[in-house]
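Each chain is listed here by its residues.
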Amino acid sequence: MVDAVVKGTKVEIPKIIIDQQIEGVMQDLTQNLLYRGITYQEFLENEGISEDEHREKELVPEARRRVIAGISLSEIADKENVQ
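Note that the structure is a prediction, hence the values are computed from the model and not measured.

1. A closer look at the packing of aromatic side chains
In step 1: This structure, assessed with the given rule, holds one aromatic pair.
In step 2: Ring centres of Tyr 40 and Phe 43 lie 6.4 Å apart, and the angle between their planes is 25 degrees; this geometry places the pair in the stacked category. With a gap of three residues between them, Tyr 40 and Phe 43 both fall in helix H3 (residues 40-47), about one helical turn apart. No difference in accessibility class separates Tyr 40 from Phe 43, as the two residues are buried.

What follows is the structure, given as structure tokens:
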């Protein structure tokens, strides 16, 4: 349901907000990789991509999705009077 809301939402998000969210995505990814016993650099090597490619193809879209989901769900909660 959240993905459907995100796909249907068109909004301009300031770069600074995306950059802040990317930091959170990176923290989540790094922690997940550490649980699996590999580093971020090892992950990139295994995937055969550069850090810049990973940022543009994975991190930026995930950061945008999280920001839009948060905004959308907050608006829905306000309109439905959900506390």
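2. Focus on a negative patch on the surface
In step 1: A surface patch of negative charge is lined by Glu 51, Asp 52, Glu 53 and Glu 56.
In step 2: Along the chain, Glu 53 falls in helix H4 (residues 51-79).
In step 3: Residue Glu 53 is classed as partly exposed on the basis of its relative accessible area, which comes to 35%.

3. With respect to H4
In step 1: For H4, built from 29 residues, the straight-helix expectation of 42 Å at 1.5 Å per residue is met to within 8% by its first-to-last C-alpha distance of 40 Å.
In step 2: Helix geometry: H4 is bent most strongly at Leu 59, by close to 35 degrees, with proline Pro 61 lying one to four residues after it.
In step 3: Taken as a whole, H4 has its buried residues at His 54, Leu 59, Val 60, Ala 63, Val 67, Ile 68, Ala 69 and Ser 72.
In step 4: Summarising the contacts, the buried residues of H4 are in contact with helix H1 (2-7), helix H2 (15-36) and H3.
In step 5: Positioned one or two residues after H4, Asn 81 has a phi angle of 60 degrees, which is positive.

4. A word on the pattern of salt bridges
For side chains bearing opposite charge, pairing can occur when the charged atoms are close.
In step 1: Scanning all chains against the criterion turns up five salt bridges.
In step 2: Asp 19 is the partner of Lys 15 in a salt bridge, and the nearest nitrogen-oxygen pair spans 2.7 Å. Of this pair, Lys 15 and Asp 19 both sit in helix H2, separated by four residues, roughly a single helical turn.
In step 3: Since its relative accessible area comes to 59%, Lys 15 is described here as exposed.
In step 4: Owing to a relative accessible area of 24%, Asp 19 belongs among the partly exposed residues under this scheme.

Criteria and thresholds
- Residues numbered from 1 in each chain as written.
- Predicted model: local features only at pLDDT ≥ 70, side-chain atom pairs only at ≥ 80, totals over all residues.
- Heavy atoms only, no water.
- Phe/Tyr/Trp six-rings, centres within 6.5 Å; stacked < 30°, edge-to-face > 60°.
- Helix = DSSP H or I, 4+ residues; strand = E, 2+ residues; numbered from the N terminus.
- Buried < 20%, exposed > 50% of the residue type's maximum accessible area, 1.4 Å probe, protein only.
- Patch = residues over 30% accessible without salt bridge, like charges linked within 9 Å, V, L, I, M, F, W, Y side chains within 5 Å.
- Areas by Shrake-Rupley, 256 points an atom, 1.4 Å probe, with all protein chains shown as cover.
- Salt bridge = Lys/Arg side-chain N within 4 Å of Asp/Glu carboxyl O.
- Lys, Arg positive; Asp, Glu negative; His and termini not counted.
- Charge placed at Lys NZ, Arg CZ, Asp CG, Glu CD.
- Expected span 1.5 Å × (residues − 1).
- Bend = angle between axes of the 7 residues up to and from the residue.
- Contact = heavy atoms within 4.5 Å.

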